[in-house]
Amino acid sequence: MNLALIHDRLYIKSFWENRINADNQHAESEEQRMNKSALKKLRGEWIVRLENRNKNLKKLNDSFVKKARMEKSADQT
């Protein structure tokens, strides 16, 4: 083979290996950054807060509906 072709192949191979390694390092650092982030914890806390709020609002609504039905049935008698 021609020496220039061998050099070109080695250059291309090393270029892509370096590119792949850089991309892998970037992906790892991004994953570490996401794991350190407090965003998951905050989302979880807000989900719990919203679920509790919805549950309390549903109870409040149910009690109002029950009270209204009782008043309506008392008025009919």
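Residues numbered from 1 in each chain as written. Predicted model: local features only at pLDDT ≥ 70, side-chain atom pairs only at ≥ 80, totals over all residues. Heavy atoms only, no water.

Enquirer: Got a minute to help me understand the pattern of salt bridges in this structure?
Expert: Should the charged atoms of two oppositely charged side chains come close, the side chains can pair. Under the counting rule described, the total for this entry stands at 2 salt bridges. Residue R33 pairs with E30 through a salt bridge whose shortest N-O separation is 2.6 Å. On the criterion of helical spacing, the pair formed by R33 and E30 is a turn pair, its members being 3 residues apart in helix α1 (residues 3-36). Under the relative-accessibility criterion, E30 is labelled partly exposed at 32%. With a closest N to O distance of 3.2 Å, D62 and K58 form a salt bridge. Highlighted residues: D62 and K58, both in helix α2 (residues 39-76), separated by 4 residues, approximately one helical turn. By relative accessible area, K58 is classed as exposed at 53%. (Salt bridge = Lys/Arg side-chain N within 4 Å of Asp/Glu carboxyl O. Helix = DSSP H or I, 4+ residues; strand = E, 2+ residues; numbered from the N terminus. Buried < 20%, exposed > 50% of the residue type's maximum accessible area, 1.4 Å probe, protein only.)

Enquirer: Is there a simple way to think about the packing of aromatic side chains in this case?
Expert: The geometry of an aromatic ring pair comes down to the distance between the two centres and the angle between the two planes. Scanning the model with the defined rule gives 1 aromatic pair in all. For the pair F15 and W16, a centre-to-centre distance of 5.1 Å together with 80° between the ring planes defines the contact as edge-to-face. Classification of F15 as partly exposed rests on a relative accessible area of 34%. Classification of W16 as partly exposed rests on a relative accessible area of 47%. (Phe/Tyr/Trp six-rings, centres within 6.5 Å; stacked < 30°, edge-to-face > 60°.)

Enquirer: Please clarify how a nonpolar patch on the surface should be interpreted in this entry.
Expert: On the surface, a nonpolar cluster with roughly 540 Å² of combined accessible area is contributed by Y11, I12, F15, W16 and I20. When you line up the elements, F15 lands in helix α1. (Patch = residues over 30% accessible without salt bridge, like charges linked within 9 Å, V, L, I, M, F, W, Y side chains within 5 Å. Areas by Shrake-Rupley, 256 points an atom, 1.4 Å probe, with all protein chains shown as cover.)

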